[in-house]
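Structural characterization, general
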Amino acid sequence: MVMESSEEDDEYVAHEWITPQSSVSAAYQSHTEKGIRKLCSELLELKDAVENLCGNMQSKYLAFLRLHEEVVEVEHELINLQKHVSAQGILVQDLIRGVSRELETWKKLDPDCTKPDPVCLELTELLAKTTTDPKPSFLETLDGFIVEHRVEEALNLLETEEKENVQAAELLKRKETLEDQLVTIAQQSSLSIFELKKALSGLIKLDKPVLAHQLLLKAYGSKLQKRVESFIPSCSVYQETYPATLSQLVFSTISNAAKDSVSLFGDASSYTNRVVQWAEYEIETFVRLVKENSPLLETASALRSASVCIQASLSHCAILEKQQKVLKFSKVVLVLLTPYMEEILDLNFRRARRRVVEMGREGDPEVMLTSSAKVFMSVIKDNLDQLTPMAISHFGGIVLNKILQLFDRYVDILIKALPNTEDDSLVDSKEHLNFRAETDSQQLALIGAAYSVSDELLPVAVSQFFNLQSEKEGPGGGVNLEYKDWKRHLGHSLDRLRDHFCRQYVLNFVYSREGEARLDARMYLQGKGDDLFWDPEALPSYPFQALFGRLQQLASVAGDVLLGKEKVQKILLSRLTETVVMWLSDEQEFWEVFENDTVQLQPSGLQQLILDMRFIVEIAVCGRYSTRTIHQLVSAIIMHAIRAFSAKGIDPQSALPEDEWFVDTAKAAISKLVQGTSGSDMSDEHDEHIILHDDDDEDEDEESDSEESTDSIPSLDESSCDSFASAVAGEIESRVYFTDPDESDQQP
């Protein structure tokens, strides 16, 4: 586009492909001015049209007012004319009576007159007809009342005359007219309840109770609809509380309609059933309106709104039932709202699950290690805070189950954050985590967070669920899950986390070591052939010495990371010990070494294996995290070893020393390891953190599972270990027999 440049642009070189700004402004300014002028012209035309319309409306309204005044004047004139006609009729009747009396007087004065006078005869018949038939006068009066819309007076007159057996056929048309007038009155939208009840009472007097009852319910329904329609625009403003207002409108209307039904028609079942049917229809409409005006179902506002709806509706239902026993609508409300509430709960907990997954996927170590429990509980409370007591009472079971599912997902995230995860199906591939807990302190921090949620935070958060249940005679509304069962489900999720940690920890310990420190069955084949009984320096195998050091190292870290969670520390240490023994018991390659026909077994190998097992037991007993499982597994391993060595010709009765020797040797080994005099690969910096216990009441702890103990785990010196070992020696001896465990179980 080629444009001529302005004088101001003369100093610049002109280019065909450049459009001067002045030309652009002129062109667009022209178009803009034309558009504005056209718009102003249209607005002026619209203004003139509006003014003409307003003027026409005003003139028509004034004409309507004049017409209305004229109609009122005509009605007054008709009423006055009716009164005048009635007065004239009375005068005519008086005149006829006066003439009749005069005729009677003349007749008495002239007894000789035998031929009747036609005029006198006609007057006599007219008088007789007027004086003997009162119905024309009654009908005229009734018609006057009907014309004047004096409904109440017309009804009273009808009631009085019907008692005097006036023929119903003569009143049928007038009754229909009166009925139409009452129906018209009852259907007026602006009619007050008092005037409505007067009109309905009139219909009842006309023997139209069914019609009157229909008009009663219709009137209340119409009034309710108008009130609801006027409130609906406010629902978007009060998103969380609008159901309470709607519930108040609906159920108060039902209550008033039921009361008026009883006062006008009694408590007959036919009328009560109609009220119930009408109320159920209005409740269905109410629920539909709640759904239509709900916020997004996956938001907390929608959950709050639904909970408020349940709370308000069921509270009003309880009030109605106290008012009249047949007005039972609680089940109707629950049937209508349950699918809606369940859908909202499902969507909100899906949203909560996404937030939990995002917490792990973000890969922020600081969040995972220090705040994962807080983040998880904030997600839970975001939903729980929206629930009302009634919602908890009827949907608490669903909520508790969804919390269990969410906690299970949280545990999956923590498992995924641990190293050496073997099962990738725990978390979806799209939920890949960027963060990995590599050190012992990081891993223990994750486990401690899970235990804090399970044992402390969640029980407090859901306590109201079970408090509401205990206040009732039996399990109520949806909270049909016992607290101990719910806690057991939480425990199962924690077991998965704990077992995964212990399994990967033990596998890493077993397979990451080389040389003498590697846990291998061949180390029991390398003995010199002499009995360990004669060796004053007998010690457990190097792998078990290393295991002792690893347990102490882990206990030291746990004491810092899990400060105040002594129970969790004991659970982890006991489960780690159980996992080691369980691995030995189940590892087929380990036992195949002894069963090899080419292998030469020595008594010292059996003695060393049993000493290692007794050493494991003593570690757990002295640390006060011994469990039945450890003792049972150790007994089973010892019996397995005895059978394996016996099959190679070694007599256990002659090859094995007394039980006390194994106990004393294991205790002595612990003391040496505590003093740092062994050849193990324990780190010197952890020697002072031995976690053995010095109490003399270990007998009770040894008989119970580690989960039942909450005592602290103090450090141990050599004297305390000796003191403790002597106290429990008898118990240990009674537990581990070098016989078949099946036979030992049968002993009393």
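Residues numbered from 1 in each chain as written. Predicted model: local features only at pLDDT ≥ 70, side-chain atom pairs only at ≥ 80, totals over all residues. Heavy atoms only, no water.

Below, the discussion takes up the overall build of the protein chain. Within the protein chain, the secondary structure is distributed over 26 helices and zero strands. For the protein chain, the proportion of its 748 residues judged to be buried stands at 43%. As displayed, the protein chain offers around 40,500 Å² of accessible surface, 52% of which is attributable to carbon and sulfur atoms. (Helix = DSSP H or I, 4+ residues; strand = E, 2+ residues; numbered from the N terminus. Buried < 20%, exposed > 50% of the residue type's maximum accessible area, 1.4 Å probe, protein only. Areas by Shrake-Rupley, 256 points an atom, 1.4 Å probe, with all protein chains shown as cover.)

So, on to helix α17 (residues 542-561). Because each turn of an α-helix spans 3.6 residues, side chains separated by three or four positions end up pointing in the same direction. When the terminal C-alpha atoms of α17 are compared, their 28 Å separation across 20 residues agrees well with the 28 Å that a helix rising 1.5 Å per residue should span. When you tally the buried positions in α17, you get 15 out of 20 residues, the bulk of the element. (Expected span 1.5 Å × (residues − 1).)

Glancing now at the packing of aromatic side chains. As enumerated under the stated definition, the model contains 18 aromatic pairs in all. The structure contains a cluster of three or more aromatic residues connected by ring pairs, namely Y524, F590, W591, F594 and F645. (Phe/Tyr/Trp six-rings, centres within 6.5 Å; stacked < 30°, edge-to-face > 60°.)

Looking now at a nonpolar patch on the surface. Nonpolar side chains collect at one region of the surface, where L39, L43, L46 and V50 lie side by side and expose about 370 Å² of accessible area between them. With respect to the secondary-structure elements, V50 resides in helix α1 (residues 21-109). (Patch = residues over 30% accessible without salt bridge, like charges linked within 9 Å, V, L, I, M, F, W, Y side chains within 5 Å. Salt bridge = Lys/Arg side-chain N within 4 Å of Asp/Glu carboxyl O.)

The next point concerns the packing of helix α7 (residues 209-231) against helix α9 (residues 269-292). At a minimum axis separation of 11 Å, α7 and α9 run at an interaxial angle of 15°. Of the possible angle classes, the one that applies to α7 and α9 is roughly parallel. Crossing of α7 against α9: the hand is right-handed. Taken together, the residues of α9 that come into contact with α7 (itself represented by P209, V210, H213, L217, Y220, G221, L224 and V228) are Y271, R274, V275, W278, E282 and L289. Grouping the constituent residues of the contact of α7 with α9 by class yields ten nonpolar, two polar and two charged. (Axes fitted to C-alpha atoms, helices over the stretch in contact; angles between N-to-C directions. Parallel < 35°, antiparallel > 145°, perpendicular 65-115°, else oblique. Left-handed = near helix turned anticlockwise from the far one by under 90°. Contact = heavy atoms within 4.5 Å. Nonpolar A, V, L, I, M, F, W, Y, C, P; charged D, E, K, R; others polar.)

Where like charges cluster on the molecular surface, the negative patch consists of E42, E45, D48 and E51. With respect to the secondary-structure elements, E51 resides in helix α1. (Lys, Arg positive; Asp, Glu negative; His and termini not counted. Charge placed at Lys NZ, Arg CZ, Asp CG, Glu CD.)

Right, let's get into the environment of N273. When you line up the elements, N273 lands in helix α9. Assessed through its relative accessible area of 43%, N273 is described here as partly exposed. Note: C-alpha distance between N273 and L327 (54 residues apart in sequence) is 9.5 Å.

Scanning all chains against the criterion turns up 20 salt bridges. Across the pair K402 and D346 runs a salt bridge whose closest N-O atoms are separated by 3.4 Å. Within this pair, whereas K402 is found in helix α13 (residues 389-417), its partner D346 is found in helix α11 (residues 330-361), the two being separated by 56 residues in sequence. On the basis of relative accessible area, K402 is assigned to the buried category, the value being 15%. R496 is the salt-bridge partner of D412, the closest N and O atoms lying 2.8 Å from each other. Placement of D412 in helix α13 and of R496 in helix α16 (residues 483-511) is noted, with a sequence separation of 84 residues between them. Overall, the relative accessible area of 28% leaves R496 in the partly exposed class. One salt-bridge network, held together by shared partners, links D495, R498, D499, R575 and E578.

So, on to the environment of T241. Inspection of the secondary structure puts T241 in the loop between α7 and α8 (242-265). On the accessibility criterion, T241 (44% relative accessible area) is partly exposed.

Bringing helix α5 (residues 172-186) into the picture now. Compared with the 21 Å implied by 1.5 Å per residue over 15 residues, the 21 Å span of α5 between its first and last C-alpha is a close match. Among all positions of α5, only R174, L178, E179, Q181, L182, V183 and A186 are buried.

Position of S626 among the secondary structure elements: in the loop between α20 (603-622) and α21 (628-646). Within the local environment of S626, its side chain forms a polar contact with the side chain of H631, the two groups lying 2.9 Å apart. (Polar contact = N/O pair within 3.5 Å; in protein donor to acceptor, adjacent residues only side chain to side chain.)

The subject of this paragraph is unusual backbone geometry. Its identity is not glycine, yet D207 carries a phi of approximately 65°, on the positive side. Looking at the secondary structure, you find D207 in the loop between α6 (193-205) and α7. The backbone of R624 shows a phi angle near 65°, a positive value even though the residue is not glycine. Counting through the fold element by element, R624 comes out in the loop between α20 and α21. Owing to a relative accessible area of 3%, R624 belongs among the buried residues under this scheme.

Turning to the confidence of the model for the protein chain, a few remarks are in order. For the protein chain, mean pLDDT is 79; residues scoring 70 or higher make up 74% of the total. Of the regions scoring below 50 in pLDDT, residues 677-748 engages in 144 contacts with residues more than four places distant in sequence or in other chains. (pLDDT = per-residue confidence, 0-100.)

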